[in-house]
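Summary of the model geometry
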Amino acid sequence: MIDSKFDDKQRFILKEFFKSIFLRPYNAAFCGSLRNITNMKFFGFKSAHLAKGYDTVSLDRIRNQAGVLPAPKGPSFQERHFTAISRLIPKKNLFMMLTAYSLYANSVAIPRHLHICGSGVDEDQLRSHAAALGIANFVIFRGWLQDSEISNTLGTSVALLLTSVEEQFGIAVIE
């Protein structure tokens, strides 16, 4: 199973050469998209041995796991929060998201909470940034969550914030 494409980051010919050696024992791949299939053809895989469909999400599963009715039913509009689902790493642009959220939070009487779901190397700095911006009481760091917890969080959200500067696939958008 593969979800990488040739243009998702800078490539180095020597590294790609070693990757082709690593992939040599395989003769088929289950890919996330047509761009992944193109990448695997670059490594010598035959079209007949490449299948698409790796990145799929069942909306019925998400709705069932959410445990709440979708809007406009379920939690009231006023009870809903903002949600970010992400690895806490630089390319996800979360420092900018917190800065933007602080502009919102400082412009309304009672701001909606922001739930950040995920973990990563930037977590401590993001918590410090939220504190420095004066929004720490409104930002809830939920950590890494299981699928059912993500579904429930999405089911009680007013909006999903996706601020990445780069996405290999962006499964959070589908969810």
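Preceding block: the structure.
Because the structure is a prediction, the values reported are computed rather than measured. (Residues numbered from 1 in each chain as written. Predicted model: local features only at pLDDT ≥ 70, side-chain atom pairs only at ≥ 80, totals over all residues. Heavy atoms only, no water.)

Thoughts on the environment of Pro75
Summarising the element assignment, Pro75 is placed in the loop between helix H3 (59–66) and strand E3 (81–85). Its relative accessible area of 17% is what places Pro75 among the buried residues. C-alpha separation for the pair Pro75 and Val158, spaced 83 residues apart in sequence, amounts to 9.8 Å. With sequence-adjacent residues up to four places away left out, Pro75 is seen in contact with Val68, Leu69, Arg80, Gly155 and Thr156. (Helix = DSSP H or I, 4+ residues; strand = E, 2+ residues; numbered from the N terminus. Buried < 20%, exposed > 50% of the residue type's maximum accessible area, 1.4 Å probe, protein only. Contact = heavy atoms within 4.5 Å.)

Some points on the packing of aromatic side chains
This model, assessed by the stated rule, comprises six aromatic pairs. Taken together, a centroid distance of 6.3 Å and an interplanar angle of 50 degrees make the contact between Phe22 and Tyr26 tilted. Look at Phe22 and you get exposed, because its relative accessible area is 57%. Residues Phe82 and Tyr101 carry aromatic rings whose centres are separated by 6.4 Å and whose planes lie at 80 degrees to one another, so their mutual orientation is edge-to-face. Of this pair, Phe82 sits in strand E3 while Tyr101 sits in helix H4 (residues 94–105), and the two are 19 residues apart along the sequence. For the residue pair Phe82 and Tyr101, the accessibility class agrees, reading buried in each case. Feature note: the residues Phe82, Tyr101 and Tyr104 constitute an aromatic cluster, connected by ring pairs. The ring of Phe77 has Arg112 lying over it, and the distance from NZ or CZ to the ring centre is 4.3 Å. (Phe/Tyr/Trp six-rings, centres within 6.5 Å; stacked < 30°, edge-to-face > 60°. Lys NZ or Arg CZ within 6 Å of the ring centre and 35° of its normal.)

Some remarks on the side chain of His115
Turning to its location among the elements, His115 is positioned in strand E4 (residues 114–117). By relative accessible area, His115 is classed as buried at 12%. At 3.0 Å, the side chain of His115 and the side chain of Arg142 are in polar contact. If we skip the residues at most four places from it in the chain, His115 touches His81, Phe82, Thr83, Ala84, Ile140, Arg142 and Thr153. (Polar contact = N/O pair within 3.5 Å; in protein donor to acceptor, adjacent residues only side chain to side chain.)

Details of the environment of Gly143
Checked against the element boundaries, Gly143 lands in strand E5 (residues 139–143). Of the residues examined, Gly143 reaches a relative accessible area of 19% and is grouped as buried. Distance from Gly143 to Phe22, taken between C-alpha atoms, is 34 Å for residues 121 residues apart in sequence. What Gly143 contacts, discounting residues up to four positions off in sequence, is Ile116, Cys117 and Gly118.

Some thoughts on the nonpolar core
One broad trend across soluble globular proteins is that nonpolar side chains are buried collectively. Ranked by size, the top nonpolar core spans 15 residues in total, and within it Leu98, Tyr101, Leu114, Ile116, Ile135 and Val139 carry the most contacts. Every element with two or more residues in this core is listed here: E3, H4, E4, helix H5 (123–132) and E5. With five residues, the top contributor of residues to this core is H4. (Core = buried A, V, L, I, M, F, W, Y, C linked by side-chain atoms within 4.5 Å.)

Re the pairing of E5
Burial along E5 is one-sided: Val139, Phe141 and Gly143 are buried, while Ile140 and Arg142, pointing the other way, are not. For E4 and E5, the ladder comprises four bridges, and the chain directions are parallel. Following the sheet pairing, Leu114 is matched in E5 by Val139. What joins E4 to E5 is H5, and the crossover it makes is right-handed. (Pairing = 2+ DSSP bridges. Right-handed = clockwise from strand over helix to strand, strands pointing away.)

Some remarks on the pattern of salt bridges
The full count for this structure, using the stated rule, is four salt bridges. The salt bridge involving Glu16 is made with Lys19; its shortest N-O contact spans 3.6 Å. Placement of both Glu16 and Lys19 in helix H1 (residues 13–23) is noted, with a separation of three residues, approximately one turn of the helix. With a closest N to O distance of 3.0 Å, Glu123 and Arg127 form a salt bridge. Highlighted residues: Glu123 and Arg127, both in helix H5, separated by four residues, approximately one helical turn. You can call Glu123 buried: its relative accessible area is 19%. Given a relative accessible area of 39%, Arg127 falls into the partly exposed group. The network of salt bridges with common partners includes Arg11, Glu16 and Lys19. (Salt bridge = Lys/Arg side-chain N within 4 Å of Asp/Glu carboxyl O.)

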